[in-house]
Amino acid sequence: MNKPQDAAAPGGYKRSLGTRQMQMIAIGGTIGTGLFLGAGTAISQAGSSLIIWYAIAGAVLFLVVRALGELLLYRRVNGSFADYAREFLGPFWGYATAWTYWIMWVTTGMAEITAAGQFVHYWAPGFDQWKTALIALVVLAGANLISVKVFGELEFWFAMIKVTAILGMILIGLGVLTLGFSDAGDTASVTHLWADGGIAPHGAWNSLMTLQIVLFAYLGVELVGVTAGETKDPEKNIPRAINTLPIRFGLFYLGSLLVILSVVSWSEFQPGTSPFVAAFAKIGIPAAAGIVNFVVLTSALSSCNAGGLYATARMLRTAALNGHAPRGLARLSEQGVPRAALAVSSAVMALGVGVNALDPEHAFLYITSVSTGGAILVWSIILVTHMRYRRAVNEGRVAASPYRMPGAPYTNWLALACFAFVTVLISWNSDTRLALYVMGVWVMLLVVGYAVLRARRTDTPDEPGTVEASPADLTTSAPQN
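Residues numbered from 1 in each chain as written. Predicted model: local features only at pLDDT ≥ 70, side-chain atom pairs only at ≥ 80, totals over all residues. Heavy atoms only, no water.

Enquirer: Help me understand the overall build of the protein in this model?
Expert: When helices and strands are tallied, the protein shows 19 helices and zero strands. Put simply, 81% of the contacts in the protein that link residues at least 6 apart link residues at least 24 apart. Total accessible area on the protein is roughly 19100 Å²; 65% of this is exposed by carbon and sulfur atoms. (Helix = DSSP H or I, 4+ residues; strand = E, 2+ residues; numbered from the N terminus. Contact = heavy atoms within 4.5 Å. Areas by Shrake-Rupley, 256 points an atom, 1.4 Å probe, with all protein chains shown as cover.)

Quick look at the structure:
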């Protein structure tokens, strides 16, 4: 007998995300404001060598997601890959992963709703930035509270807008290069990729320093590990979403940059200016800035929706199920939504609206540093967890996954070495070194918090793999009429 389309997943979630939504969430998770905005600064520093760093960073993040995919098909978890860290590294690492991922995306969400206010300010300069941020948060939180289907549909259309913009840029740029039309037709040429000072015009070291900017443009690729618990037919959809990552990276990142840097010389880009705006303006497309501003607005809302709200609620619930957060946060609504956890994440993000109204420039410099360091920490934990899982498989303690990461454990060590190298680059620059200071404080808070938590507990639920949610923790009771 076939399972119903809305069949319950492990942990009380409902498998409501279909193939169409899963694919677009996976695509949208790999395209952020880092490409639409941050690439302009990186191009001015690295020239066309930036394409090489995007290719390397994409390959490294693909290894991370392949490792995560193997874990996901070994055993589906309750909406959070922190369970794997808990099972194979120990309870502290499950606790640290859940809370680090939560704070990483909450602070990112704060920054994204702030950015949304800035983008709307382009069309309505008299409208207060904090008001836009508050409206965006309320609308997105409301959509997430209804059901995962509503979240998936909203994320589908956010991703569609980003994909359409990039494909449009690529097609128009190819037309300029091959047919020579538009204002850029006379100067557009693939020779821009190696002319005008060479591939790395400011030197290899200055080019290499952009690797940290590039790496965090990929923030969100691991979202497949959070949506897996609510995905229909995960055995088919998870590998499909992961296996197509190189194609998406190649098309959306490498493809768009190759075309843009062929149409417009790297020397014409300025820090803080979107490369898409510069390319559209060079081609002569009317309202280029307005078009890209709209796309970046939806990109910011997408990040807030998928990471800031959806992912943080699932991570917070995982912490509650493992006894690392108040037990009431583990409850699910009849629609399979962790509404209490979502409400807490939304409330913390709302603090960002208040900060935004007071002094966004200085306050957000500190809180977004958590996202920078948190991403490296979480990705590294996934890789180490996978290596411990493989050891357990070789020792016959757990079942082997049908979906395997190629080249492990050598590929794990290769990716970890890359993250270590990027950490060195972060420490080298005084502007980015703040991220390491903030993460140092965060790690101390985690250690102290865990020690206090252990001291206050009278039971022993911290043995890996022993915590199970009771039925009362999984769902809320039906409302009484």
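Enquirer: Mind showing me how you'd approach helix H5 (residues 91–120) here?
Expert: Think of an α-helix as turning once every 3.6 residues; residues three or four places apart then point the same way. The terminal C-alpha atoms of H5 lie 43 Å apart, and with 30 residues this matches the ideal 44 Å at 1.5 Å per residue to within 8%. In terms of residue burial, H5 counts as a mostly covered element, since 25 of its 30 residues are buried. (Expected span 1.5 Å × (residues − 1). Buried < 20%, exposed > 50% of the residue type's maximum accessible area, 1.4 Å probe, protein only.)

Enquirer: Would you mind showing me how to read the pattern of salt bridges here?
Expert: All told, the structure shown has seven salt bridges when counted by the stated rule. The salt bridge partner of Asp-128 is Lys-131, with a shortest N-O separation of 3.6 Å. Here the residues in one salt-bridge network are Glu-70, Arg-390 and Arg-404, joined through shared partners. (Salt bridge = Lys/Arg side-chain N within 4 Å of Asp/Glu carboxyl O.)

Enquirer: Would you mind going over the nonpolar core with me for this structure?
Expert: It is characteristic of soluble globular proteins that their nonpolar side chains tend to be buried jointly. Tyr-54 and Tyr-101 are the most contacted members of the largest nonpolar core, which totals 153 residues. Considering every element that reaches this core, the biggest residue donor is helix H14 (residues 288–321), with 18 residues. With residues near it in sequence (within four places) discarded, Tyr-54 still touches Gly-34, Leu-35, Ala-39, Val-214, Ala-217, Tyr-218, Tyr-253, Leu-254 and Leu-257. (Core = buried A, V, L, I, M, F, W, Y, C linked by side-chain atoms within 4.5 Å.)

Enquirer: Just to check I follow, could you spell out the packing of aromatic side chains for this structure?
Expert: The description of an aromatic ring pair rests on the distance of the ring centres and on the angle between the ring planes. Applying the stated criterion to the full structure yields 19 aromatic pairs. Seen from their ring centres, Phe-92 and Tyr-95 are 6.0 Å apart, and the 40° between their planes marks the pair as tilted. Taken together, the residues span about one helical turn, with Phe-92 and Tyr-95 both in helix H5 at a distance of three residues. A residue is classified by how much of its surface remains accessible, and Tyr-95, at 6% relative accessible area, is buried. Through successive ring pairs, a cluster of aromatic residues spans Tyr-54, Tyr-218, Phe-249 and Tyr-253. Looking at Lys-131, its charged tip hangs above the ring of Phe-127, at a distance of 6.0 Å from the centre. (Phe/Tyr/Trp six-rings, centres within 6.5 Å; stacked < 30°, edge-to-face > 60°. Lys NZ or Arg CZ within 6 Å of the ring centre and 35° of its normal.)

Enquirer: How should the packing of helix H6 (residues 129–146) against H14 be read in this particular structure?
Expert: Pairs of packed helices are described in terms of their axes, by the angle between the two and the distance that separates them. It is at 10 Å that the axes of H6 and H14 come closest, and there the two elements cross at 55°. Accordingly, the angle class assigned to the pair H6 and H14 is oblique. When the axes of H6 and H14 are compared, the crossing they make is right-handed. Across the interface between the two elements, Ala-136, Leu-137, Leu-140, Ala-141 and Asn-144 from H6 touch Leu-301, Cys-304, Asn-305, Leu-309 and Tyr-310 from H14. (Axes fitted to C-alpha atoms, helices over the stretch in contact; angles between N-to-C directions. Parallel < 35°, antiparallel > 145°, perpendicular 65-115°, else oblique. Left-handed = near helix turned anticlockwise from the far one by under 90°.)

The values reported here are purely geometric and, on their own, carry no functional implication.
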